[in-house]
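So the chains spell out like this:
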Amino acid sequence: VYIIDYKTGAWADIPSYKTFDLKQREEWPDTLMSVQLPIYILLYHTKHDDVPIANINAGLMLMGKKNFEEKWLFSDKMSASERAGLFDSYRQAVVTLIEEILDLDRDFIPTADEDNCAGCDFQTLCGRQWVVKTW
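This is a predicted model, so every value here is computed, not measured.

Reading the values: the criteria
- Residues numbered from 1 in each chain as written.
- Predicted model: local features only at pLDDT ≥ 70, side-chain atom pairs only at ≥ 80, totals over all residues.
- Heavy atoms only, no water.
- 1 Å grid on protein atoms, 1.4 Å probe; cavity = no way out; pocket = protein on both sides within 12 Å on 5 of 7 lines; lining within 4 Å.
- Points joined across faces, edges and corners; volume = space filled by probe spheres on them.
- Helix = DSSP H or I, 4+ residues; strand = E, 2+ residues; numbered from the N terminus.
- Nonpolar A, V, L, I, M, F, W, Y, C, P; charged D, E, K, R; others polar.
- Buried < 20%, exposed > 50% of the residue type's maximum accessible area, 1.4 Å probe, protein only.
- Contact = heavy atoms within 4.5 Å.
- Patch = residues over 30% accessible without salt bridge, like charges linked within 9 Å, V, L, I, M, F, W, Y side chains within 5 Å.
- Areas by Shrake-Rupley, 256 points an atom, 1.4 Å probe, with all protein chains shown as cover.
- Salt bridge = Lys/Arg side-chain N within 4 Å of Asp/Glu carboxyl O.
- Lys, Arg positive; Asp, Glu negative; His and termini not counted.
- Charge placed at Lys NZ, Arg CZ, Asp CG, Glu CD.
- Pairing = 2+ DSSP bridges.
- Axes fitted to C-alpha atoms, helices over the stretch in contact; angles between N-to-C directions.

Undergrad: Got a sec to walk through the layout of surface pockets? Specific residues and values, please.
TA: By volume, the largest pocket is sized at about 1500 Å³. Lining the largest pocket are 31 residues, with Pro29, Ile109, Pro110, Thr111 and Asn116 positioned closest to its centre. Mapped by element, the contributors of at least two residues to the lining of the largest pocket are helix H1 (28-31), helix H3 (80-102) and helix H4 (123-126). Along the lines of polarity and charge, the residues of the lining of the largest pocket split into 17 nonpolar, 4 polar and 10 charged.

Here it is in structure tokens:
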């Protein structure tokens, strides 16, 4: 099963299966980057639990460049057990993030990298006002 998310932009991030480590929470912004594809697989698998995780892949089709580009969550070179293990790590990360969002005792901390603020629709939430400078 292939789940494809078509993107009209020139770039989008997917988790880095080579560097993501569930135990390294502080590194997730650089290694997990996005939970979109793992969530797609999780939602599909919820309704189709007869399909093994190893038989499901999700990817992005980037159409904003001169040539189309595909980015897949799982490499074709991964074994079934590697895919299942990696997906379990992604699933645990998604659950952790949702629990953090819902934890009323947890303070909201804005991103340390203010470059992320330029395109953010939620600047009011963290109190930052990003000013686009034009020269």
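Past the structure itself, the notes keep going.
Undergrad: Describe the side chain of serine 75, listing the residues and the values that go with them.
TA: With respect to the element layout, serine 75 can be found in the loop between strand E3 (69-72) and H3. On the basis of relative accessibility, which here comes to 17%, the residue serine 75 falls in the buried class. Aside from chain neighbours lying at most four places away, what touches serine 75 is Tyr17 and Arg83.

Undergrad: Provide a residue-level description of a negative patch on the surface, including the pertinent values.
TA: On the surface, Glu26, Glu27, Asp30, Asp113 and Asp115 cluster together to form a negatively charged patch. Accessibility expressed as a relative area gives 57% for aspartate 30, which makes it exposed.

Undergrad: For the sheet that holds E3, give the residues involved together with the corresponding values.
TA: An order of E1-E2-E3 is seen for the 3 strands of this open sheet, with the pairing classed as mixed. Every interior strand has two partners, whereas the edge strands, strand E1 (2-7) and E3, have only one. With direction set aside, neighbouring strand axes in the sheet form an average angle of 25°. Direction of pairing for E1 relative to strand E2 (residues 57-62): parallel, over a ladder of 6 bridges. Note that in E2 the partner of isoleucine 3 across the bridge is alanine 58. Most of the contacts of helix H2 (residues 36-47) go to E1, to which it runs at about 140°, and overall it touches E1 and E2.

Undergrad: Any details on the side chain of aspartate 5? Residues and values, ideally.
TA: Summarising the element assignment, aspartate 5 is placed in strand E1. On the basis of relative accessibility, which here comes to 13%, the residue aspartate 5 falls in the buried class. Apart from the residues within four sequence positions on either side, aspartate 5 is in contact with Gln36, Tyr40, Gly59, Leu60 and Met61.

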